[in-house]
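Letter by letter, the chains look like this.
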Amino acid sequence: MRSITTTISTSTQANRVHILGLGSIGNFVAHSLSEIPNGPSVTLLLHRKSLLDAYKKTETKYWYDFETLHDGEWYRTSAGEPDSESYSSASPITDVIDNLIICVKATQTVDALRPIHHRLTSQSNILFLQNGSGMIEEVNAHLFTNPNKRPSYLIGVISHGVTLNSPFNITHTGFSATSVGPVPRESVSSTLLSNDCSTDGPPTTNHLLQTLTLSPRLNLTSYSYTSILQIQLEKLAVNAFCNPLCALNDSRNGFLFTIPETRREILTEISDVVLALPELKHALGLEERFSVDNLENTVNGIIQKT
């Protein structure tokens with residue numbers, strides 16, 4: 001396995017941000033971080049070498065570092081303009097990953113994280129910037145089974161419009177917002193069965209979160225755990241209704257206006273589930289926010305826009 005000589009960076013390893021998952025959102029986050037003046041080094045985690053070859057062919061380039069998975073081992077590479085590359089041998093990487101942003105599809109999280117989970121420690125930060133829910137529970141069950149050795153977790157919800165045209169080529173189609181909040185290290189049920197917001201406030205010392213707030217393009221706001229969980233569940237409710245029904249009927253979103261009874265039944269079930277969650281037992285305004293009528297208004301608004 002050959003690799004390109006590693007770039008020289010003024011950033012420390014603790015300031016480095018690794019990104020796992022290079023679809024539209026992963027590329028968008030990498031681009032946003034690269035725009036920060038004197039910002040962090042960015043390492044893109046590639047699960048196959050062909051992605052690095054695709055990057056070399058792109059017309060517009062940013063100076064990223066790469067780590068490529070080959071025969072079960074990660075190898076470090078760096079790439080700028082193709083004519084400035086020099087090659088040398090590489091050794092498998094065992095460096096600790098201090099800051100990781102996960103942008104793979106929710107169902108792929110455990111498999112994508114497995115090859116690098118040994119490089120994450122209790123001092124590491126992981127941001128789950130994905131659609132869906134339940135990824136953290138799966139990761140804890142299969143990879144970080146010891147609560148004392150788990151990284152610090154953040155949940156992220158992104159509402160920007162981003163389209164992936166080709167590998168490493170995206171179009172930012174709609175400027176919106178990024179919402180991020182911490183996941184308590186303690187048992188969620190024991191931490192949140194109280195209205196004392198002092199135990200559930202946005203983190204003030206999380207390095208990854210502080211770094212992300214420096215990007216104007218991300219337009220990031222930090223929230224408490226109960227707040228970010230509700231934002232995540234609202235997006236999940238929209239996706240759970242829109243995506244499968246459009247797929248099953250091979251239709252665009254406008255089709256969803258023609259099945260009001262189905263929409264009402266599905267959103268009623270979603271409302272029942274959310275209102276029964278112990279994590280949100282004492283969240284103020286929950287019944288109104290996740291009432292069937294309110295969920296239906298939210299869904300209809302998204303359908304109308306899209």
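About the criteria used
Residues numbered from 1 in each chain as written. Predicted model: local features only at pLDDT ≥ 70, side-chain atom pairs only at ≥ 80, totals over all residues. Heavy atoms only, no water. Helix = DSSP H or I, 4+ residues; strand = E, 2+ residues; numbered from the N terminus. Buried < 20%, exposed > 50% of the residue type's maximum accessible area, 1.4 Å probe, protein only. Contact = heavy atoms within 4.5 Å. Areas by Shrake-Rupley, 256 points an atom, 1.4 Å probe, with all protein chains shown as cover. Polar contact = N/O pair within 3.5 Å; in protein donor to acceptor, adjacent residues only side chain to side chain. Core = buried A, V, L, I, M, F, W, Y, C linked by side-chain atoms within 4.5 Å. Pairing = 2+ DSSP bridges. Right-handed = clockwise from strand over helix to strand, strands pointing away. Arc of directions from axis to C-beta.

Novice: In this structure, what is going on with the overall build of the protein? I would like to understand it.
Specialist: When its secondary structure is counted, the protein shows 10 helices and 13 strands. Residue burial in the protein is summarised as follows: out of 306 residues, 45% are buried. Within the protein, contacts between residues separated by at least 24 positions form 68% of all contacts whose residues are at least 6 apart in sequence. Summing over all exposed atoms, the protein offers an accessible surface of approximately 15400 Å²; the carbon and sulfur share of this is 50%.

Novice: Whenever I open this one, the environment of E67 confuses me. Can you help?
Specialist: Inspection of the secondary structure assignment puts E67 in strand β4 (residues 64–70). We classify E67 as buried; its relative accessible area is 1%. Remark: the alpha-carbon pair of E67 and P92, spanning 25 residues in sequence, is separated by 9.7 Å. What E67 contacts, discounting residues up to four positions off in sequence, is H18, T43, L44, L45, L46, W74, Y75, R76, I93 and R119. Polar contacts involving the side chain of E67 include one to the side chain of H18, which spans 3.1 Å. Of note is the side chain of E67, whose polar atom sits 2.8 Å from the side chain of R119.

Novice: Help me understand the nonpolar core, please; the structure alone is not making it clear to me.
Specialist: Within the largest apolar cluster, 47 residues are counted, with the highest numbers of intra-cluster contacts made by L100, L113 and F241. Contributing elements (two or more residues each) for this core: β7 (99–102), α3 (109–113), β8 (125–129), α4 (135–142), β9 (152–158), α7 (225–248), α8 (260–275) and α10 (292–305). The residues contacting L113, other than those within four sequence positions of it, are L20, L100, I102, L120, V139, L143 and F144.

Novice: It is not clear to me how the pairing of strand β2 (residues 17–20) should be interpreted in this structure. Could you clarify?
Specialist: Along any regular strand, the residues point their side chains to alternate faces of the sheet. Neither face of β2 is left uncovered, since the one carrying V17 and I19 and the one carrying H18 and L20 both have all their residues buried. Two elements, β2 and strand β3 (residues 42–46), share 4 bridges in a ladder whose sense is parallel. Looking at the pairing, H18 lines up with T43 of β3. Crossover connection from β2 via helix α1 (residues 24–34) to parallel β3: handedness right-handed. In this sheet, β7 lies alongside β2 in parallel orientation, the contact comprising 3 bridges. Within the sheet, the bridge partner assigned to L20 lies in β7 and is I102.

Novice: Please clarify how the side chain of R16 should be interpreted in this entry.
Specialist: Of note, R16 is situated in the loop between β1 (2–4) and β2. Among the polar contacts made by the side chain of R16, one reaches the side chain of D65 at a distance of 2.6 Å. In this view, R16 contacts S41, V42, T43, D65 and N99; residues no more than four positions away in its chain are not counted.

Novice: Can you walk me through α4 in this structure?
Specialist: In an α-helix, one turn spans 3.6 residues, which is why side chains three or four residues apart end up on the same side. Regarding α4, the residues found buried are M135, I136, V139 and N140. Seen along its axis, α4 keeps its buried residues to an arc of 130 degrees; they face one direction. Among the structural elements, α3, β8, β9, β12 (178–183) and α7 are those in contact with the buried residues of α4.

Novice: Would you take a moment to explain unusual backbone geometry for this structure?
Specialist: Glycine aside, the phi torsion of most residues is negative, and most peptide linkages are trans. The residue N38 is not glycine, and still its phi comes out positive at about 55 degrees. Assignment of secondary structure puts N38 in the loop between α1 and β3. When its relative accessible area of 85% is taken as the criterion, N38 is described as exposed. Unusually for a residue other than glycine, D250 sits at a positive phi of about 50 degrees. Judged by its relative accessible area of 73%, D250 falls in the exposed class.

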